[in-house]
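One-letter residues, chain by chain:
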Amino acid sequence: IKGSYGRRIAQYNHTMHEKLMLEQKIVNTMVESLQREDFQVYLQPKAEINTGRLIGAEALVRWKHPEFGMISPGDFIPVFEKNGFIYSLDLFVWRTACRMLRDWKKANRSIPISVNVSRTDLYHKDLPETLSGMCRDYDLAPDELHLEITESSYVRDSVQLLTVIRRLRQAGFIIEMDDFGSGYSSLNTLSDLPIDIIKLDMIFLRQSENNLRRQKVMQLIIDLARELDLPVIAEGVETEEQAILLKAMGCPYAQGYLYGRPMPETEFFKF
Ligand code: C2E
Ligand code: CA
Ligand code: CA
Ligand code: CA
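In this text, all values refer to a predicted model and were calculated from it rather than measured experimentally.

As a further point, take the overall build of the protein. The number of helices and strands found in the protein is nine helices and nine strands. In terms of overall size, the protein behaves like a compact globule, its C-alpha atoms giving a radius of gyration of 20 Å where 271 residues would be expected to give roughly 18 Å. Taken along its principal axes, the extent of the C-alpha atoms in the protein is 60 × 50 × 40 Å. Each of the 271 residues in the protein was classed as buried or not, and the buried ones make up 45%. Here the protein displays about 14,600 Å² of accessible surface, and carbon together with sulfur accounts for 53% of that area. Mean positive and mean negative side-chain charge positions of the protein (33 and 38 charges, respectively) differ by 3 Å.

So this is what it looks like as structure tokens:
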């Protein structure tokens, strides 16, 4: 027993060490990677469930690292949120999305692009002016750029963050509450928060097929959203069965592998 215990600890330290090493390398290479444009902006379609019509796209960042190959955002976004680099990266993603919107408009193919806004980005008090300025630079109306702000940024005690989100909305940006239902949001706050669209977290679909209770919660959220005139986009829709279920529940919009995976701009444009 003593032997295997020791081995487990050694193994644990090994993976901890590897994780720290990877993190260190990520931090060491992030700035030059941004300059070299190793980061790319992929697009994933959002669709109307009834018709399959394309209604928008979400911009998702990808890192083609020269040494490690493709690294998933789940591995580097948390690191960048910790060390503050996320703001520089997001500025790059937002600007790229604006450039795409401008090019599409010239080609007469206009659909909104949603970009992710990290909770830590909201601490930049001039964020509304920065984003408005960006839209001006690319001749865009602010409502062509949607902002996905994760549910956990709406924490009750953070008046400061809420104020920035309100100012973004007043500036004309469409606010999508991301990952709704994944945290501790309470339903009664939905009516007074600055939100235009709700994105229902994929946790509801991952487990709903065999969980009637979770399905009932999902139905309640969809009904309430309709009462409040808030469109709902279900995230993580992978199968036809899930789409049929959502349609029956009255959910108007969806995003997920069933409609398309995140893809490079040129591929998306053909799509
Ligand atoms: P998110 O904003 O909730 O984005 C949705 C994630 O679900 C994406 O993962 C997407 O590829 C994935 N997804 C889409 N459809 C399906 C599906 O049908 N099934 C499954 N299993 N997954 C699906 P991704 O691209 O790895 O991004 C992970 C998270 O990283 C995002 O979650 C977002 O929080 C963050 N992120 C991504 N790009 C950016 C960015 O440019 N800026 C910031 N601040 N965060 C970003
Ligand atoms: Ca998102
Ligand atoms: Ca989400
Ligand atoms: Ca998220």
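Read on for the rest.
Our focus in this paragraph is the coordination of the calcium ion (ligand 3). Protein coordination at the calcium ion (ligand 3): the donors are Asp178 (OD), Asp179 (OD), Glu235 (OE) and Glu235 (OE), at 2.2 to 2.5 Å from the metal. Sequence positions of the donors to the calcium ion (ligand 3) reduce to the motif D-D-x55-E. The two metals, the calcium ion (ligand 3) and the calcium ion (ligand 2), are separated by 4.1 Å and share Asp178 as a common coordinating residue. On the basis of relative accessible area, Asp178 is assigned to the buried category, the value being 7%. Exposure remark for Asp179: the relative accessible area of 22% places this residue in the partly exposed category.

Turning to the packing of helix α3 (residues 86–106) against helix α4 (residues 127–137), a few remarks are in order. Close contact between α3 and α4 brings their axes to 10 Å; oriented N to C, the two are set at 30°. The angle between the axes of α3 and α4 places the two elements in the roughly parallel class. Between α3 and α4 the crossing geometry is right-handed. Along the contact surface, α3 presents Tyr87, Leu91, Trp94, Arg95 and Cys98, while α4 presents Leu127, Thr130, Leu131 and Met134. Of the residues belonging to the contact of α3 with α4, the class tally is seven nonpolar, one polar and one charged.

Within the protein, the calcium ion (ligand 2) binds to Glu58 (OE), Asn116 (OD1), Glu148 (OE) and Asp178 (OD); these donor distances fall in the range 2.1 to 2.4 Å. The motif formed by the donor residues of the calcium ion (ligand 2), counted along the single chain, is E-x57-N-x31-E-x29-D. Note on Asn116: relative accessible area 24%, which makes it partly exposed.

This paragraph deals with the confidence of the model for the protein. Across the protein, pLDDT averages 90, with 92% of residues at or above 70. Quick note on the complex model: pTM equals 0.92, ipTM equals 0.97.

Cut-offs used in this document
Residues numbered from 1 in each chain as written. Chains lettered and ligands numbered in written order. Predicted model: local features only at pLDDT ≥ 70, side-chain atom pairs only at ≥ 80, totals over all residues. Heavy atoms only, no water. Helix = DSSP H or I, 4+ residues; strand = E, 2+ residues; numbered from the N terminus. Rg over C-alpha atoms; globule rule 2.2 N^0.38 Å. Buried < 20%, exposed > 50% of the residue type's maximum accessible area, 1.4 Å probe, protein only. Areas by Shrake-Rupley, 256 points an atom, 1.4 Å probe, with all protein chains shown as cover. Lys, Arg positive; Asp, Glu negative; His and termini not counted. Charge placed at Lys NZ, Arg CZ, Asp CG, Glu CD. Donors = N, O, S within 2.8 Å, 3.2 Å for Na, K, Ca; no water. Axes fitted to C-alpha atoms, helices over the stretch in contact; angles between N-to-C directions. Parallel < 35°, antiparallel > 145°, perpendicular 65-115°, else oblique. Left-handed = near helix turned anticlockwise from the far one by under 90°. Contact = heavy atoms within 4.5 Å. Nonpolar A, V, L, I, M, F, W, Y, C, P; charged D, E, K, R; others polar. pLDDT = per-residue confidence, 0-100.

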